[in-house]
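Examination of the molecular architecture
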Amino acid sequence: MTAIDPAAPEWARRRSFAIISHPDAGKTTLTETLLLSAGAIRLAGQVRARGENRRTQSDWMKIEQERGISVSASVMTFEHRGLLFNLLDTPGHEDFSEDTYRTLTAADSAIMVLDAAKGVEPRTLKLVEVCRLRDIPIVTFINKMDREALDPVDLLEDIQEKLALDTSPMQWPCGSGNRFKGVLDIATNDFLPYRKSVDTDPSQPNPRIALDGNSISDALSEEEVDELKEGAEVAQELCPPFDPQSFLEGHLTPVFFGSALRQFGVRELLEGLADKIPGPAPMEAINNGQTVEVEPGGKEVAGFVFKVQANMDPNHRDRVAFVRLCSGKFRRGMKLKTEAGKQLTVSSPILFFAQDREIADEAWAGDVMGVPNHGTLRVGDSLSESGKLRFSGIPNFAPEILRRARLADPLKAKHLKKALESLAEEGVTQLFRPVMGGDFIVGAVGALQIDVMRERVAAEYGLDVDFEPAPYETARWITGDRAKLEAFADRHKSAMAEDINGDPVFLAKSAWEVSYSEEKFPDVSFHRAKERSA
Ligand code: G4P
């Protein structure tokens, strides 16, 4: 069954989504099982193998090898029921970076993976906050049901309370761990028995047994049937029914249960995605000073860069900019312009299929395309035929790690400035210039970003720099009435800085200092995220 009218325009077939989770909840395993369920890969182990491959291929990121993690978010494309899914892979490891956040700006929806024994964990909370910036719809997959899990009602309450998100269970589980028997499809009242064997083909739907039919006794005891019915009733009483509008507005999440490792429930999740997640939405942009909605079906080819990856191929010093297309039909060889007027002929764009990279001949709104370039494209750049569009929504996030950049050789100050500015423009780290002078302050959301910067400043610019702790814990962009801003800045001279665009930033010693300042200066707004200005 196709999920879309075959006569629908190409762009309407696109489904670009990301998977968000706390480390270890099962994002990688789910990615792989999803690809298996869609028939895009055949053997388990390919997602990791690809990662390994990439790691041994990329030379500059020694960190990647030393830490055994993949730093870069990648994109994988697969088809199912006539839809083209672009899965944007967000790094989920402990060391976290702005890349992950920015990737979410290119997604039209997200799957939130929770470990059934743990519920909502801190990283999930942060990622959902980022999804909230654009209110993208979130589908929940409660993973690891083959292990001892929390009570499903408690799990739903946890989501509702911690994430302020209504939940609407699509299924109800029967037991967990050794007593996990399967899930009830609430809409059809069919029971999907859990099959322990991994030999089953994940691309085939799970068998179903009518809960009220005679055959249910082959799968469940009478007691289990009663418990399941009761559980599903309670869930339906506690939770609102699935409301597509509320889902699309990011207020309600449909909840699926399963085990990514045992390949159970993932095929059903995939069907849920095909049925529910939206295609490309209109994106806001500025054109000649006016805010406009760029429609995915619009004529002009336009998109924005949400990630830049250096040296994917060690033989070239090229960079690949990941561009999310927002409108138009892109054709290979097209000339596109950045909003700053730089022109670029896109002659070898890359699309990322599950198993391979392919040169793209055409791409549509909703697609993510890799554009090799020599440093022309930067994170946050908009690309369009006219060069007039500037997409908003690629934010910088308040850094959680701030370091003072100290040079061993003070005569190299100019070089350092250039290196740090260029890394900030690429989106590796943020750069703050204290208004009273002194050393540059660099900021990052995750510690790994600082490591990457240190490595690159040494390797690419030959500079010996010490990134020592700065006396600040976080930063906030400040806006407001000019006189009020000046009054605030006057009182906090030693903590004021400018970011790379010259916008004022308050460097705070603690989160407490931020709240205190917010109270004391109610006319000044303190922002945790800032959209990149032109
Ligand atoms: P992540 O990308 O979110 O960090 O998680 P990942 O998929 O790497 O999974 C983390 C661990 O949880 C892995 O175990 C994985 O096998 C396990 N896991 C994932 N899904 C399930 C599930 O549905 N049930 C059970 N029981 N385990 C699951 P590991 O021992 O850390 O790694 P590995 O040796 O299996 O690769």
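Heads up: these notes are all about the structure in this document. Nothing here was measured: the structure is a model prediction, and the numbers come from that model. (Residues numbered from 1 in each chain as written. Predicted model: local features only at pLDDT ≥ 70, side-chain atom pairs only at ≥ 80, totals over all residues. Heavy atoms only, no water.)

Spatial strand order, E7-E8-E9-E10: 4 strands in an open sheet with antiparallel pairing. The sheet is open, and its two edges are formed by strand E7 (171-174) and strand E10 (209-210), each paired on a single side. Relative to strand E8 (residues 182-185), E7 runs antiparallel, the two sharing 4 bridges. The residue of E8 that forms the bridge with Gln171 is Asp185. (Pairing = 2+ DSSP bridges. Helix = DSSP H or I, 4+ residues; strand = E, 2+ residues; numbered from the N terminus.)

This paragraph deals with the nonpolar core. Membership of the largest hydrophobic core comes to 55 residues, with the highest contact counts inside it found for Ile20, Met112, Phe330 and Phe391. It is strand E15 (residues 319-327) that provides the largest number of residues to this core, a total of 6 residues. When residues of this core are assigned to domains, at least three map to each of domain 1 (18-77 + 89-101 + 108-276) and domain 2 (283-392). In this structure Ile20 touches Leu104, Ala110, Ile111, Met112, Val113, Leu127, Val128 and Cys131, once residues within four positions along its chain are discounted. Counting 30 residues, the second-largest nonpolar core is a separate cluster that includes Ala38, Phe78, Leu273 and Ile277. (Core = buried A, V, L, I, M, F, W, Y, C linked by side-chain atoms within 4.5 Å. Buried < 20%, exposed > 50% of the residue type's maximum accessible area, 1.4 Å probe, protein only. Domains from an automatic or database assignment. Contact = heavy atoms within 4.5 Å.)

Its 15 residues give helix H12 (residues 447-461) an end-to-end C-alpha distance of 21 Å, which sits within 8% of 21 Å, the value for a rise of 1.5 Å per residue. For H12, every residue scored as buried is listed here: Leu448, Gln449, Ile450, Asp451, Val452, Met453, Arg456 and Val457. At the C-terminal side of H12, Gly462 shows a positive phi close to 60°. (Expected span 1.5 Å × (residues − 1).)

This brings us to the site of the ligand. With respect to spatial proximity, 17 residues lie near the ligand, and among them Asp24, Lys27, Thr28, Thr29 and Asp146 are the closest. For the ligand, an oxygen atom lies 2.5 Å from a polar atom in the side chain of Thr28. At 3 residues, the largest contribution of residues to the shell around the ligand is made by helix H1 (residues 27-37). Here the residues of the shell around the ligand are counted per class, giving 4 nonpolar, 7 polar and 6 charged. (Near = heavy atom within 4 Å. Polar contact = N/O pair within 3.5 Å; in protein donor to acceptor, adjacent residues only side chain to side chain. Nonpolar A, V, L, I, M, F, W, Y, C, P; charged D, E, K, R; others polar.)

Take it as geometry only, folks, not as evidence of what the structure does.
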